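Architecture and fold: a report
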Amino acid sequence: MLVRPRRDVLESRKSSMNSIAEKIYRLIRERSLGTDLTSLKQRGVKRVSVFKSNQLGSLVALAVEQVLREYGVKLSQGDLDNLSEEGRRAFISLLKERDSYKELCENFEKQQEKLEMHRDVLKGQIEREDTMLETERGFWEEMPVGTGSEAYRVRLEEVLDRNLESRIEMLGASPDARLVKFLEEMVEGLHRELDTLFSAAVDEMRSEYAAEGEKRIETLERRVQKMRESLDRAEDALMRAQAAGPTEDGIASIYKTVQGLTPDDEAFSQKKGMLEEIFQLNKNIKDQIG
Amino acid sequence: MEDEKATAKEAEPNTDDISGGHGSQEGVLYLGIDLGTSRSAIAASNGVREFFASVVGYPKDLVSRKLLKKDKLFGDEAFAKRLSLNFYRPLEKGIIKHSDNGATHPEDAEANLKAASDIIQEAIRRSKPRSDELVYAVIGCPAQSSIQNKKAIIDAARPMVDSVMICSEPFAVAYGLDRLDDMLVIDIGAGTVDLCRMHGTLPDDEDQITLDTAGDYVDKLLYDKLRERCSGAQFTLNMIKSVKERFGFVGEAADPVVVEFPVAGKPTEFDITESVRESCRAMVPPIVQALGDLVASFDPEFQSTLKNNVLLGGGGSQVIGLAAAVEREMHEKLGEGRVLAVDEPVYAGASGALKIAHDMPAEFWEQLK
């Protein structure tokens, strides 16, 4: 008759306890309920029972003791104390972790609020700049360049005409027709010259104004463009932040070290061979990938 | 204006600094991933188990991107918003589309590879790994997928894990259930039905058969039948897939399958019991034929044991009465047979892959880093 060595029994119990620990862990994960005060208030809940950390610690210690008893594992008082101390430390570390996560969430919310505020400020600025740009464009497009000069030109022409008429009157009742014609031609020439000079002056003014207007519009357009880019960046950042959620630490694995098959596992050698083959196949693929 | 500018500058936060960082590595997270044509499942050693439809969508333009507030949408969310998205279902018949003929369709190959890569990364992200843990993943892929396809899967996972391996999907199912000897595993997915003969060693190519008469095939069959039989009804292949997933059965129907399809805009009831039964039943003969082939090429002394140890898994195995129907057909065609359905068909592959990951020795992971 084969008698299993004591070590095997203990190993097997250890493995069962690991599996129990795994189950407890999963149960806690599945049945834990997170909520906030607002939702509790909405549901009409005014009082909730809360475990204190020392109560939880005692419960866990009791559960561990019961499991150890159930599996017939006898531990010295010193070992038990060590276990309890280890559990207490793990629990405190979890509490700290929770606090740091809470802080992280709060920071994340602040960051998100900041981003939203920044985005709104930018949006407001862009709206204002857009309005300014439109006004500026309208002003330069409808600018009455030369309108004043045109009136001045008309007045000059009137003066010239009146001058001519008074000169002709001064020549008497029957003036020399050739002289009258000469005077009329001279005034016509003056009119043409005035037209040319005024047109040139107006064109010059227009181009000066246009250049100034274009420059102002360009500046405004560049400013609006920069703001839009800044807004896009802010919205991207906000989007990334919203998608990522608080930069949570994730859920810790139940394993602290690499596991691997152990000789106590069922069908150890068979599984070992299979795992080696899987590894080899993957190694070949890796080699091919380079 | 200047004041406003100054205010805006002050209010501008550091938009690059929105991710956290961790220090030293502590702990090992094992992941088992079942990368399926229709849905992908993940099981992790931190207790996370999730599945989602293997689809991804990217906003079509800047407007939809701003509206959706995301660069990528996955699973049901992608389905729901697919009209605003460039929508990809990158896996077909169990492999990444065009991964084997990238040279002839370079653009499609690239787009599908990116989509598959994003799905794998999303699966890993959903497992909520801690950044201070080592992440070791085993990904199940169809039994007979090509080397190019396997490479593509590894490349996609590598940026998010410390070490990754792939293994045959049906083998993962068997390993997860500790059924390694004289066992036939049938893994029915959307793209492929993978059959695998387990005989105590890692199955090789002769031990595995991949069929394409899987979920998608049934959907198409049912779609075509309803096109013929439900005059005037409007429906899409996607709607038919949902109908099959909800009502799929073979054998005797407990209740008639009555569904509503719009006819000229008006919801109208149709009894589609017979069409559903016929379409789902169409999976059975090819499976039994393939089982027969795997049995016939096995040691005659163990053929009977093999026939009486058939394990049915995968999302497609959820069709009501399928195990019994395969068993009946086996009795008829192969003289005997016993078929058992796995308890959790959706997670059987991922859980098996997780177990492989857990059992894999440390030095193997190290060498594949």
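Quick notes on the rules
Residues numbered from 1 in each chain as written. Chains lettered and ligands numbered in written order. Predicted model: local features only at pLDDT ≥ 70, side-chain atom pairs only at ≥ 80, totals over all residues. Heavy atoms only, no water. 1 Å grid on protein atoms, 1.4 Å probe; cavity = no way out; pocket = protein on both sides within 12 Å on 5 of 7 lines; lining within 4 Å. Points joined across faces, edges and corners; volume = space filled by probe spheres on them. Nonpolar A, V, L, I, M, F, W, Y, C, P; charged D, E, K, R; others polar. Pairing = 2+ DSSP bridges. Helix = DSSP H or I, 4+ residues; strand = E, 2+ residues; numbered from the N terminus. Contact = heavy atoms within 4.5 Å. Axes fitted to C-alpha atoms, helices over the stretch in contact; angles between N-to-C directions. Expected span 1.5 Å × (residues − 1). Buried < 20%, exposed > 50% of the residue type's maximum accessible area, 1.4 Å probe, protein only. Arc of directions from axis to C-beta. Core = buried A, V, L, I, M, F, W, Y, C linked by side-chain atoms within 4.5 Å. Parallel < 35°, antiparallel > 145°, perpendicular 65-115°, else oblique.

1. Let's talk about empty space enclosed by the protein
The tally for this structure, following the rule as stated, stands at one cavity of 30 Å³ or more. For the largest cavity, the full set of lining residues is A:N282, A:K286, B:I154, B:R158, B:V164 and B:L368. Each residue belonging to the lining of the largest cavity can be placed in one class, and the counts come to three nonpolar, one polar and two charged.

2. So, the sheet that holds strand β4 (residues 56–59) of chain B
Residue and element names in this part refer to chain B. Strands sit in the order β5-β4-β6 across an open sheet of three strands; the sheet is antiparallel. Either end of the sheet is taken by a strand with one partner, and the two such strands are β5 (73–74) and β6 (85–88). As defined by bridge partners, β4 adjoins β5 across two bridges and the pair is classed as antiparallel. Considered in β5, the bridge of V56 is made with F74. Relative to the sheet, helix α4 (residues 106–126) contacts β4, β5 and β6, its axis offset from that of β4 by approximately 110 degrees.

3. A look at helix α7 (residues 268–289) of chain A
With 22 residues, α7(A) extends 31 Å between its outermost C-alpha atoms, agreeing within 8% with the 32 Å of an ideal straight helix rising 1.5 Å per residue. Every buried residue of α7(A) is listed here: A:K271, A:M274, A:L275, A:I278, A:F279, A:N282 and A:I285. Projected down its long axis, α7(A) carries its buried residues within an arc of 135 degrees, all on one side. Where α7(A) is buried, its residues touch α5 (147–157), β10 (163–168), α6 (169–176), β12 (193–198), α13 (345–359) and α14 (362–367) of chain B.

4. Concerning the nonpolar core
Core analysis: the largest hydrophobic core is formed by 45 residues, its most contacted members being B:I186, B:L195, B:I272, B:I287, B:L291, B:L322 and B:V326. The element that contributes the greatest number of residues to this core is helix α10 (residues 284–296) of chain B, accounting for seven residues. Discounting residues that sit within four places of it in the chain, B:I287 has contacts with B:I186, B:I188, B:V193, B:L195, B:L211 and B:V326. Counting residues in hydrophobic clusters, the runner-up holds 39 residues, among them A:L261, B:L202, B:V342 and B:A353.

5. With respect to the packing of helix α7 (residues 215–229) of chain B against helix α8 (residues 237–247) of chain B
Residues and elements named next belong to chain B. Interhelical geometry of α7 versus α8 gives an angle of 110 degrees and a closest axis separation of 9 Å. When the interaxial angle is binned, α7 and α8 end up roughly perpendicular. For the pair α7 and α8, the contacting residues are G215, D216, V218, D219, K220, L222, Y223 and L226 in the first and L237, I240, K241 and K244 in the second. A class-by-class count of the residues in the contact of α7 with α8 yields six nonpolar, one polar and five charged.

6. Details of the sheet that holds strand β17 (residues 339–341) of chain B
All names here are of chain B. Taking strand neighbours across the sheet as the criterion, the five strands line up as β13-β12-β11-β16-β17 in an open arrangement whose pairing is mixed. Whereas interior strands pair on both sides, the edge strands pair on one side only; in this sheet they are β13 (208–211) and β17. Averaged over all neighbouring strand pairs, the angle between strand axes comes to 20 degrees, with direction disregarded. One ladder, built from three bridges, connects strand β16 (residues 310–313) with β17; its direction is parallel. Across the sheet, L312 pairs through a bridge with A341, a residue of β17.

Everything listed here is a matter of geometry and, on its own, says nothing about what the molecule does.
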